[in-house]
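# Coordinate inspection notes
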Amino acid sequence: MENSSVRGVASIHSHIFKTGFCEELFLMTFLVNVYAKCGEMASARKVFDNLPKRNVVTWTSLMTGYIHNSQPEFAIDIFKEMVEVGGYPTNYTLGIILNACSSLFDIEFGKQIHAYIIKYDIEYDASIGNALCSFYSKCRCLDMAIRAFQRIEEKNVISWTAVISACGDNGNSAMGLDMFVQMLAEGVEPNEVTLTSVSSLCCTMQALDAGSQVHSLSIKLGYESDLPVANSIMYLYLKSGCISGAKKLFDGMNTVSLITWNAMIAGHAEMTSHADDSLSAYICGTEALKIFHRMQKSGLKPDLYTFSSVLSICSSLVALEQGEQVHAQTIKTGFLSDMVVGTALLNMYNKCGSINRATKTFLEMSTRTLISWTSMITAFAQNGHSQQALEIFEDMRFVGIRPNKITFVAVLSACSQAGMVDQGLAYYEMMKNEYKIIPVMDHNACMIDMFVRLGRVEEAFDFIKKMDLAPNEFIWSILIAGCKSQGKLELAFYAAEQLLELKPKDPEIYFLLLNMYLSAERWKDVSRVRKMMKDEKVNKVVDWSWISIRNKVYAFKADTKKHHNDEIAKLLVDLLDRAKAIGYKVETNLEMTVHDENEEAIIALEPAHAHHSEKLAVAFGLLNTSNEAQIRVNKSISMCSDCHNFIKFVSILTSRTIIIRDSKKLHKFDTGQCSCKDFGNLV
DNA sequence: CTAGGGTTAG
């Protein structure tokens, strides 16, 4: 509250004092309340301490004040003091104290309060039951929360809202939605808080249909311009992939808050990182950055939510320069000290291939969470620094942070990159036995990759047979890629059959298969795969690359034209000649990653005349940046092995570091080596 | 004097 209000209260206070009314308990309790509402807990406390006598209401007012001013521990102290001097808590008091226990995660004390409630047989009371419900929800005991709700004799809107949110907060959105339907059936009218919770449930379920019904209902009930309602419905549209719906809502809002903008940016960020293909990710990401700039133009200052989302967008776009600008902003505004922002920054530098700055960010963090550590391990692993990844993993264990399954994905992939089978197996066992983590497909994929990289495809196959999980499309495609490079065609064809039975969703997998059957000249299989692609409506794969230079993003599409005389083409021809002179050999096997726009024909590219998109983007980068600048390119599909090899030579010829982030991996080319150690390419 | 709600990282 503003200073003027505080001054007003103080003047009333002195007035009461002068007129001698300070003996009036009712007045003084009121004063405690008003001070608390102004955030002046010291004054509230002073009034309270000077009172000759107090009643439960006075005590409760002080506790409420502490809770509203985020000092729940003081509220509990006051409560204990009250009980010690013989005060009896009312149902209000008990509700307040349960609230304090929730925010402190003080499960023990909360349970003591619950015992007291049972002793006096007052679980049926709504204010008590509601508070118990949300206490157990915060303690992640959904069963107990529901039980508390059920025992309420006269369930009101708040009871229903509390139990619905409890379901959502504990990962059971579907049940929450059921509860909502039940609530409507019992004739309880939802209010704006209920609607916010319910649309947030629909959001996590990505239930667009249910969500738009909630939207209509909130219009009907007149809550559509309530800011939290509007924000959560807008976010729901975004998360369910309905950008137009979100945009319509956003444009129609009379008042927006920072949360509105943040939701808009976060929604786009989410779509950017989870997009099916890199092209839509690129479109979403650039749109999000535009929204971010518009927000700043409107005069609002970004906060930690804004910064984390924007940094995550910069990661997806491999937009280092923009990321650096945001970095500067986080320093200026002090938000860098937030660990979520710090971790997002670390991640941004990693995804832009700058492991040094990622490491620096990590080292400068004042506190590190499991996620920060895991990000750092992932960064080392992705940049080909396996040894450091494992060292920092051991450091993390040493400081007593318990790894989770995502940490182990990073650890195992570090082992697989470095070909450390023994250590990989040891960590796999450690994960299962010491940390009781049940392996998920990603862990298995790392293990299979580990054998495949060393050419031990039979062991990889044995591992697949021994897995508890049924192998998915990615497992088989790793095996196939390995078999291909080892010339173990029989196993490759077997794996291909397994793969086809799964009807994979990833279009690149079909190209892997096509490529394999084509080189084996198994035409029947070729047409079988093509027919399947048609039947399964596999999306067209478009080979796009883009590069961000001085805050502008330039996109390139694979070039199938045979004649072009522009600067880029000239540079590529020149590089090709010079590369050949120092040992580069054009790979002759068919490239099939380019799908012609209108046709399903597959075009074989001849590198001398036409180019995959990343070559164009790299050439453009070479022409438009200073001599020592890194080149950072984002690509919509996996690199082919010919381009991969060619770019290695380019890194020698130009003495540049070239970073290409394709749909599967990060490739950092430096003096003829790639950080993926040549196992990153699928086609 | 009281209970319930919207946006961030691996």
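Residues numbered from 1 in each chain as written. Chains lettered and ligands numbered in written order. Predicted model: local features only at pLDDT ≥ 70, side-chain atom pairs only at ≥ 80, totals over all residues. Heavy atoms only, no water.

Going by what an unreviewed UniProt entry lists, chain A is known as DYW domain-containing protein and is assigned to Erythranthe guttata. As stated in UniProt under Sequence similarities (unreviewed entry), the record for chain A gives "Belongs to the PPR family. PCMP-H subfamily." (UniProt positions renumbered as here; feature names shortened; annotations may be inferred.)

Moving on to the side chain of T272. Secondary-structure assignment places T272 in helix α16 (residues 258-274). In this structure T272 comes out as buried when scored by relative accessible area, which is 4%. At 2.5 Å, the side chain of T272 forms a polar contact with the backbone oxygen of H268. (Helix = DSSP H or I, 4+ residues; strand = E, 2+ residues; numbered from the N terminus. Buried < 20%, exposed > 50% of the residue type's maximum accessible area, 1.4 Å probe, protein only. Polar contact = N/O pair within 3.5 Å; in protein donor to acceptor, adjacent residues only side chain to side chain.)

M63, I448, L479, L513 and Y517 are the most contacted members of the largest nonpolar core, which has 178 residues in total. Per-element tally for this core: the top contributor is helix α30 (residues 507-519), with nine residues. Per-domain counts for this core show at least three residues from each of domain 1 (190-248) and domain 2 (439-535). Filtering out sequence-adjacent residues up to four positions away, Y517 remains in contact with F493, A496, E497, L500, R522, D525, V526, R528 and V529. By size, the runner-up hydrophobic cluster in this structure holds 31 residues, among which are I568, L572, L575 and I647. (Core = buried A, V, L, I, M, F, W, Y, C linked by side-chain atoms within 4.5 Å. Domains from an automatic or database assignment. Contact = heavy atoms within 4.5 Å.)

We now examine the sheet that holds strand β3 (residues 631-635). Strands sit in the order β2-β1-β3-β4-β5-β6 across an open sheet of six strands; the sheet is mixed. Two strands bound the open sheet, and with one partner strand each, they are β2 (552-557) and β6 (673-674). Across two bridges, strand β5 (residues 666-670) lies against β6 in antiparallel orientation. By the bridge assignment, F669 is partnered in β6 with C674. Across the sheet, helix α17 (residues 278-297) lies against β1 (544-549), β2 and β3, angled at about 30° from β1, the strand it touches most. (Pairing = 2+ DSSP bridges. Axes fitted to C-alpha atoms, helices over the stretch in contact; angles between N-to-C directions.)

Next up on the list: the pairing of β1. The buried fraction of β1 amounts to five of the six residues, a majority that puts the element mostly inside the structure. Of the pairings in the sheet, the one linking β1 to β2 comprises six bridges and is antiparallel in character. The residue bridging W544 from the neighbouring strand is K557, located in β2. A loop of two residues connects β1 with β2, the two strands running antiparallel in sequence, and R550 in this loop sits at a positive phi of about 45°. Pairing geometry for β1 and β3, over three bridges, is antiparallel. Following the sheet pairing, W546 is matched in β3 by N634.

Right, let's talk about α30 for a bit. The terminal C-alpha atoms of α30, which comprises 13 residues, lie 19 Å apart, in line with the 18 Å expected from a rise of 1.5 Å per residue. Here α30 lies mainly inside the structure; twelve of its 13 residues are buried. All buried positions along α30 are accounted for by P507, E508, I509, Y510, F511, L512, L513, L514, N515, M516, Y517 and L518. Its side-chain oxygen at 3.0 Å from the backbone nitrogen of E508, D506 defines the N-terminal cap of α30. Of the residues flanking the end of α30, it is E521, one or two places downstream, whose phi is positive at about 55°. (Expected span 1.5 Å × (residues − 1).)

On to the domain arrangement of chain A. On domain assignment, one finds that chain A holds domain 1 (190-248), domain 2 (439-535) and domain 3 (544-674). Spacing between the C-alpha centres of domain 1 and domain 2 amounts to 42 Å.

What follows concerns helix α26 (residues 441-453). The periodicity of an α-helix, 3.6 residues per turn, causes residues three or four positions apart to be oriented the same way. When the terminal C-alpha atoms of α26 are compared, their 18 Å separation across 13 residues agrees well with the 18 Å that a helix rising 1.5 Å per residue should span. Buried residues in α26 make contact with α24 (405-418), α25 (421-433), α27 (457-466) and α28 (473-486). Just downstream of α26 lies G455, where phi reads positive at about 80°.

Further remarks concern the protein's contact with DNA strand B. Not every one of the 42 residues close to DNA strand B is listed here, only the nearest: N130, N191, D226, N231 and Y235. Sugar plus phosphate, as a fraction of atoms of DNA strand B within 4 Å of the protein: 37%. Measuring from a base nitrogen of DNA strand B, one finds a side-chain N or O atom of D226 at 2.6 Å. Residue S375 places a side-chain N or O atom 3.2 Å away from a sugar or linking oxygen belonging to DNA strand B. Among the elements that line the surface near DNA strand B, the one with the most residues is helix α14 (residues 227-239), at five residues. (Near = heavy atom within 4 Å.)

With that settled, the discussion passes to the UniProt feature "repeat: PPR" (unreviewed entry) in chain A. The sites that carry the UniProt feature "repeat: PPR" (unreviewed entry) are, in the present numbering, residues 55-89, 156-190 and 369-403. With 74% helix and 0% strand, residues 55-89 has end C-alpha atoms that lie 10 Å from one another. As annotated, residues 369-403 comprises 74% helix and 0% strand, and the C-alpha atoms at either end are separated by 11 Å.

Let us look at the packing of aromatic side chains. Following the criterion strictly, the structure yields 22 aromatic pairs and no others. A centroid spacing of 5.9 Å and a plane angle of 55° characterise the contact between F307 and F335, whose relative ring orientation is tilted. On the criterion of sequence distance, the pair formed by F307 in helix α18 (residues 304-317) and F335 in the loop between α19 (320-333) and α20 (339-351) is long-range, its members being 28 residues apart. A relative accessible area of 0% places F307 in the buried class. Members of the aromatic cluster, connected to one another through ring pairs, are F393, F408, Y427 and Y435. (Phe/Tyr/Trp six-rings, centres within 6.5 Å; stacked < 30°, edge-to-face > 60°.)

The subject of this paragraph is the side chain of R661. One can find R661 in strand β4 (residues 658-661). In this view, R661 contacts V318, K351, Q382, V633, N634, K635 and L666; residues no more than four positions away in its chain are not counted.

Turning our attention to the confidence of the model for chain A. Across chain A, the average pLDDT comes to 89, with 93% of residues at 70 or higher. Taken together, the stretch residues 591-609 has pLDDT below 50 and engages in 55 contacts with residues farther than four places along the chain or on a different chain. (pLDDT = per-residue confidence, 0-100.)

We now examine the packing of α14 against α16. For the pair α14 and α16, the least separation of the axes is 9 Å and the interaxial angle reads 10°. It follows from the interaxial angle that α14 and α16 lie roughly parallel. Only I259, T260, A263, M264, A266, G267, H268, E270 and M271 of α16 make contact with α14, whose side of the interface consists of L227, N231, M234, Y235, L238 and K239. A per-class count over the contact of α14 with α16 returns nine nonpolar, four polar and two charged. (Parallel < 35°, antiparallel > 145°, perpendicular 65-115°, else oblique. Nonpolar A, V, L, I, M, F, W, Y, C, P; charged D, E, K, R; others polar.)

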